[in-house]
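A look at the structure
If you want the building blocks of each chain, they are given just below.
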Amino acid sequence: MTQFITKIKIKKMNIGIIGTGSIGSTLAEKLSNAGHQIKVNNTQDFAELSNIAEQLGAKAATIEDVVKDVEAIILSIPFSAYKDLPKDLFRDVPQEVVIMDTSNYSPLRDGELAGLEGKTESEYISETLGRPVVKVFNMAWAYTLKHQSKAAGEKGRIAISIASDNDEHKRLAAELVDQIGFDSVDGGSLSLSWRQEPGTPAFCTELNVEELKEALNEADKGTAPAIRDYTIDQLMKADPPLSHEQAVALMRSGSSKI
Ligand SMILES: NC(=O)c1ccc[n+]([C@@H]2O[C@H](COP(=O)([O-])OP(=O)(O)OC[C@H]3O[C@@H](n4cnc5c(N)ncnc54)[C@H](OP(=O)(O)O)[C@@H]3O)[C@@H](O)[C@H]2O)c1
């Protein structure tokens, strides 16, 4: 697995974002601040969506329009919601449009999903959408993306893993990651993207490039689901809720509890 991605310099782009929750709203705001034209969609009525969009420096769009005339699309919705998106959503979207997916699967939250077994999360999502995706932004907390950006070269800059079967799409994702304040590491192909799924040492542990490369190499497919379920259970039952620092510490120590 190569571990550095040569970023491509990109012009200001039109980007569609589906989902304006913790992750989608953070990405919309940061990418808008970076100079891109952002369209967003969620499940709310158009008036409410327009209010949300305005606060993010974005434009509201219907689900059909959010994927039209864009160079990149970011999907940031619950894992179990992908199967309910319109079946022909990407039919007229050109192949060169980069489709990024931030999602993670948790059986506790998403239930059992037909067709997921034996695949990486991203392989399942690609199959569900009928289009290959880039797995990116899934292994960072929303808090991390919102509050822990650093300029390129600054000490302690956190790194994000990017997995895809398309190197050109990976390079564009790496450029966007850089523009919102993070380094990136090549997470390999979609079949290897289990290395950045929940329960792995790369997941929500806020590592720099060197640490993240090591974490991806150390990932253990066998124990990841048990670590994922343990850490989610701990997060859900914590009362009061864990602070961000405690949540990161939980993720870093998860493997020692299994
Ligand atoms: N939160 C984190 O720290 C974190 C970190 C890494 C990855 N992730 C992953 O990233 C994804 C998004 O997480 P999140 O925390 O941002 O979720 P969230 O806060 O629950 O927001 C989910 C968003 O998806 C929208 N949505 C749901 N179904 C939709 C549909 N059919 N069409 C359009 N929009 C739809 C919701 O719309 P409404 O606003 O109308 O309800 C909401 O805006 C999840 O898969 C999650 O596992 C989350």
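Our structure's up above, just so we're on the same page.
Here goes a summary of the coordinates provided. (Residues numbered from 1 in each chain as written. Predicted model: local features only at pLDDT ≥ 70, side-chain atom pairs only at ≥ 80, totals over all residues. Heavy atoms only, no water.)

1. Examining the nonpolar core
To keep it simple, the criterion reads: Side-chain atoms within 4.5 Å link the members of a nonpolar core, which is a set of buried Ala, Val, Leu, Ile, Met, Phe, Trp, Tyr and Cys residues. The rule is simple: take the accessible area with a 1.4 Å probe, protein chains only, and divide by the maximum for that residue type; under 20% is buried, over 50% is exposed, in between is partly exposed. We call two residues contacting when some pair of their heavy atoms lies within 4.5 Å.
Judged by nonpolar contacts, the single largest core of 50 residues is most densely connected at I15, L27, M100 and L145. Among residues more than four places away in sequence, those in contact with L145 are I23, T26, L27, K30, F137, A140, I160, I180 and F182. In this structure, V70, L85, L129 and L190 belong to the second largest nonpolar core, which totals 25 residues.

2. A closer look at the site of the ligand
Which entries qualify depends on this criterion: Only heavy atoms are used to decide nearness, and a residue is near a molecule or strand if one of them lies within 4 Å of it. Any pair of nitrogen or oxygen atoms within 3.5 Å is treated as a polar contact; in protein, a donor-acceptor pairing is required on top of that, and neighbouring residues in sequence qualify only through side-chain atoms on both sides. Using a 1.4 Å probe, accessible areas were evaluated by the Shrake-Rupley method; residue-level cover was limited to the displayed protein chains. Only Asp, Glu, Lys and Arg are considered charged in this grouping, and only Ala, Val, Leu, Ile, Met, Phe, Trp, Tyr, Cys and Pro are considered nonpolar; every other residue, Gly among them, is considered polar.
Surrounding the ligand, one finds 25 residues, the nearest of these being T20, I23, T43, I77 and A142. T43 places a side-chain nitrogen or oxygen 2.5 Å from an oxygen atom of the ligand. At 2.8 Å from an oxygen atom of the ligand is found a main-chain nitrogen or oxygen belonging to I77. Summarising the interface, the protein chains cover 76% of the accessible area of the ligand, which totals 900 Å² for the free molecule. By residue class, the composition of the shell around the ligand is eleven nonpolar, 13 polar and one charged.

3. Observations regarding the packing of helix α8 (residues 224–237) against helix α9 (residues 244–253)
The relative placement of two packed helices comes down to the angle between their axes together with the axis-to-axis distance. Applied cut-off: Interaxial angle, 0 to 180 degrees, is taken between N-to-C directions of lines fitted to C-alpha atoms, where a helix line uses only the stretch in contact. Helix and strand assignments come from DSSP, with helices taken as H or I runs of at least 4 residues and strands as E runs of at least 2, each series counted from the N terminus. Any angle that is under 35 degrees is reported as roughly parallel, and any over 145 degrees as roughly antiparallel; angles of 65 to 115 degrees are reported as roughly perpendicular and all others as oblique. Crossings are assigned a handedness: left-handed for a near helix turned anticlockwise from the far helix by less than a right angle, right-handed for a clockwise turn.
Where α8 meets α9, the closest approach of the two axes is 10 Å, and the angle between their N-to-C directions is 155 degrees. It follows from the interaxial angle that α8 and α9 lie roughly antiparallel. Crossing angle aside, the handedness with which α8 passes α9 is right-handed. On α9, the residues that touch Y230, T231, Q234 and L235 of α8 are A247, L250 and M251. Residue composition of the contact of α8 with α9, grouped by class: five nonpolar, two polar and no charged.

4. A look at the side chain of Q196
Following the sequence through the fold, Q196 ends up in the loop between β8 (183–186) and α7 (209–218). A polar atom in the side chain of Q196 sits 3.2 Å from the backbone oxygen of K135. Once residues lying within four places of it in the same chain are set aside, the contact partners of Q196 are K135, V136, N138, M139, S161, I162, A163, G187, F203 and L216.

5. Describing helix α1 (residues 22–33)
Just so we agree on the cut-off: Multiplying 1.5 Å by the helix residue count minus one yields the expected span of that helix.
The end-to-end C-alpha distance of α1, which contains twelve residues, comes to 17 Å, matching closely the 16 Å that a straight helix rising 1.5 Å per residue would cover. The element α1 is largely enclosed, with a buried count of nine among its twelve residues. Residues of α1 that are buried in the fold lie against β1 (14–18), β2 (37–41), α2 (46–56), β4 (72–75), α5 (142–147) and α6 (167–179). Looking one or two residues past α1, G35 carries a phi angle of roughly 105 degrees, positive in sign.

6. Some remarks on the pairing of β1
Basically, it comes down to this: One requirement defines pairing of two strands: DSSP has to find at least two bridges between them. For a crossover, the right-handed case is the one in which the path from the first strand over the helix to the second runs clockwise, viewed with the strands pointing away from the viewer.
Within β1, four of the five residues are buried, which leaves the element mostly enclosed by the surrounding structure. Judged from the five bridges that link them, β1 and β2 form a sheet pairing that is parallel. Paired with G16 across the two strands is K39, which belongs to β2. In this fold, the crossover linking β1 to β2 by way of α1 has right-handed handedness. Inspection of the sheet shows β1 paired to β4 by four bridges, in the parallel sense. Paired with G16 across the bridge in β4 is I73.

7. Focus on the pattern of salt bridges
Heads up, the rule is: A pairing counts as a salt bridge when a side-chain nitrogen of Lys or Arg comes within 4 Å of a carboxyl oxygen of Asp or Glu.
Considering all chains together, one arrives at 15 salt bridges under this definition. Here R91 makes a salt bridge to D92, at a shortest N to O gap of 3.6 Å. With respect to class, R91 is no different from D92; both count as exposed. Here K213 makes a salt bridge to E210, at a shortest N to O gap of 3.2 Å. With a gap of three residues between them, K213 and E210 both fall in helix α7, about one helical turn apart. Here the residues in one salt-bridge network are D88, R91 and D92, joined through shared partners.

8. A word on the sheet that holds β4
Read from one edge of the open sheet, six strands run β3-β2-β1-β4-β5-β6, paired in parallel fashion. Strands at the two margins of the open sheet, each flanked by one partner only, are β3 (59–60) and β6 (134–135). Examined bridge by bridge, β4 and strand β5 (residues 98–101) share four bridges and lie parallel to one another. Pairing of I73 across the sheet is with I99, part of β5. Sheet strands in contact with α6 are β1, β4, β5 and β6, and its direction is about 60 degrees off that of β5.

9. A closer look at α7
Put simply, the rule reads: By arc we mean the arc of the directions from the helix axis to the C-beta atoms, nothing more.
Along α7, the residues that are buried comprise V209, L212, K213, A215 and L216. On an axial view of α7, the arc spanned by its buried residues comes to 165 degrees, and they lie on one face. A distance of 3.2 Å separates the backbone nitrogen of E210 from a side-chain oxygen at the start of α7, and that oxygen is part of N208.

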